[in-house]
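The residues making up each chain are set out below.
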Amino acid sequence: MPSGARPECVTSGRRQKSEVPADPAAGAGGTCRPFEFPGAGLSGRAQMPSPGLLVLFGSQTGTAQDVAERLGRDARRRRLDCRVQALDSYSVVNLINEPLVVFVCATAGQGEPPDNMKNFWRFIFRKNLPSTSLCQMDFAVLGLGDSSYAKFNFVAKKLYRRLLQLGGSALLPLCLGDDQHELGPDAAVDPWLHDLWEKVLWLYPVPPDLGVIPTGVPLPSTFTLHFLLEAPRTCSEEQHGASTDPQGPPSERQPFLAPMVTNQRVTGPSHFQDVRLIEFDITGSGLSFAAGDVVLIQPENRASDLGRFCQALGLDPDQYFTLQPREPGVPCPAQLPQPCSVRHLVAHYLDIASVPRRSFFELLACLSPHELEREKLLQLSSPQGQEELYSYCNRPRRTILEVLCDFPHTAGAIPADYLLDLIPLIRPRAFSIASSLLAHPLRLQILVAVVQYQTRLKEPRRGLCSSWLASLDPGQGPVYVPLWVRPGGLTFPETPDTPVIMVGPGTGVAPFRAAIQERVARDQTGERAGPRAGWQLGLTRPSLEATLCSPRKRFVLRLPLAGPGLLLGGGVAAAGEEGVPDALHSLLPGAGAEDICAAPAPRARAIGVGPAGPPGRLLLSGRQRQVHASRCVGSPSIHLPGGGGALWP
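Along every chain, residues carry numbers that run from 1 in the direction the sequence is written. Since the coordinates come from a predicted model, pLDDT governs what is reported: local features require at least 70, and pairs of side-chain atoms require 80 or more to be given and counted, while whole-chain, interface and lining totals use all residues. The basis for every side-chain value is the complete set of heavy atoms in the structure, and neither hydrogens nor water enter the calculation.

1. What about the overall build of the protein?
Part 1 of the argument: A tally of helices and strands in the protein yields 17 helices and 22 strands.
Part 2 of the argument: Burial classification: accessible surface area is computed with a 1.4 Å probe over protein chains only, and a residue below 20% of its type maximum counts as buried, one above 50% as exposed, and the rest as partly exposed. Looking at the protein as a whole, 51% of its 649 residues qualify as buried.
Part 3 of the argument: When contacts within the protein are restricted to residue pairs at least 6 apart in sequence, long-range pairs at least 24 apart make up 73% of them.
Part 4 of the argument: Where accessible areas are quoted, they stem from the Shrake-Rupley method and a 1.4 Å probe; at the residue level, only the protein chains shown are allowed to cover. Summed over all atoms, the accessible surface of the protein reaches about 30200 Å², with 52% contributed by carbon and sulfur. By definition, any uninterrupted DSSP run of H or I lasting at least four residues is a helix, any uninterrupted run of E lasting at least two residues is a strand, and each is numbered from the N terminus. Whether two residues touch is decided by their heavy atoms; if any such pair falls within 4.5 Å, the residues are in contact.

2. A short note on the sheet that holds strand E14 (residues 429-432)
Part 1 of the argument: At least two bridges found by DSSP between two strands are what make those strands a pair. Judged by pairing direction, the sheet is antiparallel, and its 6 strands sit side by side in the order E14-E11-E18-E9-E10-E15 without closing on themselves. A strand with exactly one partner marks an edge of an open sheet, and here the two such strands are E14 and strand E15 (443-449). Neighbouring strand axes in the sheet, compared pairwise and without regard to direction, differ in orientation by 40° on average.
Part 2 of the argument: Sheet topology places strand E11 (residues 294-297) next to E14; 4 bridges connect them, and they run antiparallel. The residue bridging Ile297 from the neighbouring strand is Arg429, located in E14. All axes here are fitted lines through C-alpha atoms, helices being fitted over the stretch that makes contact, and every angle between N-to-C directions spans 0 to 180 degrees.

3. Side note on unusual backbone geometry
Part 1 of the argument: Cis geometry marks the peptide bond from Gln338 to Pro339; its omega dihedral reads -5°.
Part 2 of the argument: When you line up the elements, Pro339 lands in the loop between strand E12 (320-325) and strand E13 (340-341).
Part 3 of the argument: Notably, Arg397 is not glycine yet its phi reads approximately 60°, a positive angle.
Part 4 of the argument: Summarising the element assignment, Arg397 is placed in the loop between helix H10 (386-394) and helix H11 (400-406).
Part 5 of the argument: Even without being a glycine, Leu442 presents a positive backbone phi close to 60°.
Part 6 of the argument: Position of Leu442 relative to the elements: it lies in the loop between E14 and E15.

4. Here we look at the nonpolar core
Part 1 of the argument: Counting residues in each nonpolar core, the largest one holds 43 residues, and the members touching the most others are Phe309, Leu345, Leu350, Phe361, Leu404 and Leu419.
Part 2 of the argument: It is helix H8 (residues 358-367) that provides the largest number of residues to this core, a total of 6 residues.
Part 3 of the argument: Once residues within four sequence positions are removed from consideration, Leu404 is found in contact with Phe309, Leu313, Phe360, Leu364, Ala411 and Ile414.
Part 4 of the argument: Buried Ala, Val, Leu, Ile, Met, Phe, Trp, Tyr and Cys residues that are joined via side-chain atoms within 4.5 Å together make up what is termed a nonpolar core. Counting residues in hydrophobic clusters, the runner-up holds 28 residues, among them Leu53, Val55, Leu80 and Leu172.

5. So, the environment of Thr410
Part 1 of the argument: Looking at where Thr410 falls in the secondary structure, it is placed in helix H12 (residues 408-411).
Part 2 of the argument: Between the C-alpha atom of Thr410 and that of Leu313, which follows or precedes it by 97 residues, the distance is 8.8 Å.
Part 3 of the argument: Once residues lying within four places of it in the same chain are set aside, the contact partners of Thr410 are Leu364, Ser368, Pro369, Glu373 and Leu377.

6. Regarding helix H1 (residues 63-77)
Residues three or four positions apart in an α-helix share a direction because the helix packs 3.6 residues into each turn.
Part 1 of the argument: Given the number of residues in a helix, its expected span is that number minus one, multiplied by 1.5 Å. The terminal C-alpha atoms of H1, which comprises 15 residues, lie 21 Å apart, in line with the 21 Å expected from a rise of 1.5 Å per residue.
Part 2 of the argument: Burial of H1 is extensive: 11 of the 15 residues sit out of reach of the surface.
Part 3 of the argument: If you check which residues of H1 are buried, you get Ala64, Asp66, Val67, Ala68, Arg70, Leu71, Gly72, Asp74, Ala75, Arg76 and Arg77.
Part 4 of the argument: Those residues of H1 that are buried are in contact with strand E2 (53-58), strand E3 (82-86), strand E4 (100-106), strand E5 (138-145), helix H4 (186-203) and H8.
Part 5 of the argument: Taken from the residues just after H1, Arg79 is the one with a positive phi, measuring 65°.

7. Re the side chain of Gln386
Part 1 of the argument: Within the secondary structure, Gln386 is located in helix H10.
Part 2 of the argument: By relative accessible area, Gln386 is classed as buried at 8%.
Part 3 of the argument: Side-chain polar atoms of Gln386 contact the backbone oxygen of Leu380, separated by 3.3 Å.
Part 4 of the argument: For Gln386, the residues in contact, after removing those within four places along its chain, are Leu183, Asp186, Arg358, Leu380 and Ser381. Nitrogen and oxygen atoms within 3.5 Å of one another constitute a polar contact, given that in protein one can donate a hydrogen and the other can accept it, and given that sequence-neighbouring residues count only through two side-chain atoms.

8. A closer look at the environment of Ser59
Part 1 of the argument: Within the secondary structure, Ser59 is located in the loop between E2 and H1.
Part 2 of the argument: Overall, Ser59 belongs to the buried group, its relative accessible area being 5%.
Part 3 of the argument: C-alpha separation for the pair Ser59 and Ala106, spaced 47 residues apart in sequence, amounts to 5.6 Å.
Part 4 of the argument: Apart from the residues lying within four places of it in its own chain, the contact partners of Ser59 are Ala64, Gln65, Pro114, Asn116 and Arg427.

9. Section: the pairing of E2
Part 1 of the argument: Of all the 6 residues making up E2, 6 are buried; the element is thus mostly covered by neighbouring parts of the structure.
Part 2 of the argument: Neither face of E2 is left uncovered, since the one carrying Leu53, Val55 and Phe57 and the one carrying Leu54, Leu56 and Gly58 both have all their residues buried.
Part 3 of the argument: Pairing of E2 with E3 involves 5 bridges; the strand directions are parallel. Residue Val55 lies in a different strand from E3, and its bridge partner there is Val84.
Part 4 of the argument: For the crossover that starts at E2, traverses H1 and ends in the parallel E3, the hand is right-handed.
Part 5 of the argument: Both E2 and E4 contribute to a ladder of 5 bridges, which runs parallel. Paired with Phe57 across the bridge in E4 is Val104. Seen with the strands pointing away from the viewer, any crossover whose path from the first strand over the helix to the second strand runs clockwise is right-handed.

10. Examining the packing of H1 against H8
Part 1 of the argument: In contact at an axis separation of 10 Å, H1 and H8 are set at 40° when each is read in the N-to-C sense. Contacts between H1 and H8 pair Asp66, Arg70, Arg73 and Arg77 from the former with Arg358, Ser359, Glu362 and Cys366 from the latter.
Part 2 of the argument: The residue makeup of the contact of H1 with H8, split by class, is 1 nonpolar, 1 polar and 6 charged. Here the term charged refers only to Asp, Glu, Lys and Arg, the term nonpolar to Ala, Val, Leu, Ile, Met, Phe, Trp, Tyr, Cys and Pro, and the term polar to all other amino acids, Gly among them.

11. Side note on the side chain of Thr455
Part 1 of the argument: Structurally, Thr455 is set in the loop between strand E16 (452-453) and strand E17 (461-462).
Part 2 of the argument: When near neighbours in sequence (up to four residues on either side) are disregarded, Thr455 contacts Arg395, Pro396, Arg397 and Arg461.

12. Some remarks on the confidence of the model for the protein
Reading predicted coordinates in detail is not appropriate for stretches of low pLDDT.
Part 1 of the argument: Of all residues in the protein, 70% have pLDDT values of 70 or greater, and the mean over the chain is 75.
Part 2 of the argument: When the criterion is pLDDT under 50, residues 1-12 qualifies, and its contacts beyond four places in sequence or with other chains add up to 20 contacts.
Part 3 of the argument: The low-confidence segment residues 529-618 (pLDDT under 50) makes 197 contacts with residues lying over four places distant or belonging to another chain. Note on scores: pLDDT gives the predictor's confidence for each residue, bounded by 0 and 100.

13. Here we look at the packing of H8 against helix H9 (residues 371-381)
Part 1 of the argument: The interhelical angle for the contact between H8 and H9, taken along N-to-C directions, is 150°, at an axis separation of 8 Å. In terms of orientation, H8 and H9 fall into the roughly antiparallel class. Pair H8 / H9 crosses with left-handed handedness. Residue-level inspection shows Arg358, Phe361, Glu362, Leu364 and Ala365 of H8 in contact with H9, the latter providing Arg374, Leu377, Leu378, Leu380 and Ser381.
Part 2 of the argument: A per-class count over the contact of H8 with H9 returns 6 nonpolar, 1 polar and 3 charged. In this scheme, roughly parallel covers angles under 35 degrees and roughly antiparallel covers those over 145, while 65 to 115 is roughly perpendicular and the rest are oblique. Helix crossings get a hand from a simple test, with the near helix turned counterclockwise from the far one by less than a right angle marking a left-handed crossing and a clockwise turn marking a right-handed one.

14. Side note on the packing of aromatic side chains
Part 1 of the argument: Aromatic contacts are taken between Phe, Tyr and Trp rings whose centres are within 6.5 Å, Trp giving its six-membered ring; a plane angle under 30 degrees counts as stacked, one over 60 as edge-to-face, and the others as tilted. Using the criterion set out here, one finds 7 aromatic pairs in the structure.
Part 2 of the argument: For the ring pair Phe361 and Tyr392, a centre distance of 6.4 Å and an interplane angle of 70° mean the geometry is edge-to-face. Here Phe361, found in helix H8, pairs with Tyr392, found in helix H10; they are 31 residues apart in sequence, far enough to count as distant. For the pair shown, Phe361 and Tyr392 are each scored as buried.
Part 3 of the argument: Their ring planes at 90° and their centres at 6.1 Å tell us that Phe492 and Phe512 sit as a pair that is edge-to-face. Within this pair, whereas Phe492 is found in the loop between strand E18 (480-486) and strand E19 (500-503), its partner Phe512 is found in helix H15 (residues 510-524), the two being separated by 20 residues in sequence. Comparing Phe492 with Phe512 shows no difference in burial state: the two are buried.
Part 4 of the argument: An aromatic cluster is present here, built from Phe360, Phe361 and Tyr392 joined pairwise through their rings.
Part 5 of the argument: In this structure, Lys151 is placed above the aromatic ring of Phe154, and the distance from its NZ or CZ to the ring centre is 5.1 Å.
Part 6 of the argument: The cationic tip of Lys158 hangs over the ring face of Phe125; the distance from NZ or CZ to the ring centre is 5.0 Å. By definition here, charges over rings are those cases where NZ of Lys or CZ of Arg is within 6 Å of the ring centre and within 35 degrees of the ring normal.

Right, here's the structure in full:
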């Protein structure tokens, strides 16, 4: 191909494929085509009546984004011009000009905003914003959370109050979706959306000459895939995104390809849990981190799953395509190179190993040419079929790939243009960093518990990232993993003399391992870092304890691993030879907390944390923060002996 020449394209990347799927309204023999808006141009979209609807979302795991995109689809069916954006990608200063906005917000961690709305969060709570800033805006807020956490839907509740303070008019009361409900968030979201559209259509009715687009008719895809007749001479995939020589700080758009140095199992062969200590070489990355920070890793699908997916959909994994948005102003995914191969798309982008959401079945039903399969998909996507959907998908953790294999006629007829609308992207996984740069310069270590469990399905369920990492063997050749670092939610005391009680069961010890390495390294280099520090876990598996802890003539806190309501109690000093208290002890005011001290460990002196000692800090990592703090202690206002308060990351 001559340099600079435009590659030739074909319209489909199928090996052998049936034509477009049948129209659900016309039966199995009809032809289903994406809805063509009257007066639509090349973008496939009509001129919608003004004003438009703006849907802004803050999402950590993708659930809030999925609901926001559902709102966007529903709006387009009602002939409303609708934009769907992450909160931090929207220029918040333009909010004063928006007449109709729906906010979809998840709550992350202990009442924290998701990463993609933190800039918006800081701006909207500025004290100098006038109380009439949003007086022209009608708004609605939909929150997604988990009622087992103390700060259930905290972000949505606080945002709702703030928008009212700034003069906004609420169309509806706040919606609080609960992940703990037996039907999931949809139990609250479905009736709320019904009321929302009644309000919106009363304000902005559908033009009588157009009408509402039927649910069974697919909307035009967001992107079109133009398949190339031949592969490009230069591989854009190797030049795109991740790099071993980054031009700037590693980020999600440009991760650092870190060589894996070691991948060591630290639990015994007979232990039920496979836990890995993985070390990366970060030489030349420019990465810097402290104890409590997290590393994000971008995983990829297994080769066997990639092959099954391409076979089910009739795709050639080695064929290349270019991606083009149907509408102006819609950016192509930054993670995808141009041109891109089907193999790269499926392996690195499409999350075919995730459990599908309800929206997946809604679109799949629209695209299905098979009458029986379409009927079943419509049932699973309907409000009345949510119990059946939960039993089919959520309870056994059935994956997108397995669902497509269960509906072969539908899978074989999916147009390639709809792949990015149908299947979510693979999200990076966060791991607490388990090492200190002072102790291990130019190295980054993580502790990974390999997720594998059995449901009623024959094939074991596997965690995508942990299983992928466990399968990598640097002894067989160079292994590179795309990663970047961000600040974590666990902050250690700035004063090195502050005693710290650390509670981190399982791999929750990772940030504490980093903190102790840092204190020990400072002590060995002559920096005064307060009392010597160390740990010893309340484990019955000596191999894991020796690998993670390795106490060498240091002061050790022995932290028990199990027991209802157990943090660290007044009977620790008087406990048995192993220094592990029973399940009756807990850190409660008036329950002997003034006598707390560290249990003695072999070859180590106990450290007093009682009234005579300096103020202390209590650190809880991961879900342990919620379990112990919310359920066992019952109040975040507990106090440690010596006048120190609990530290809630």
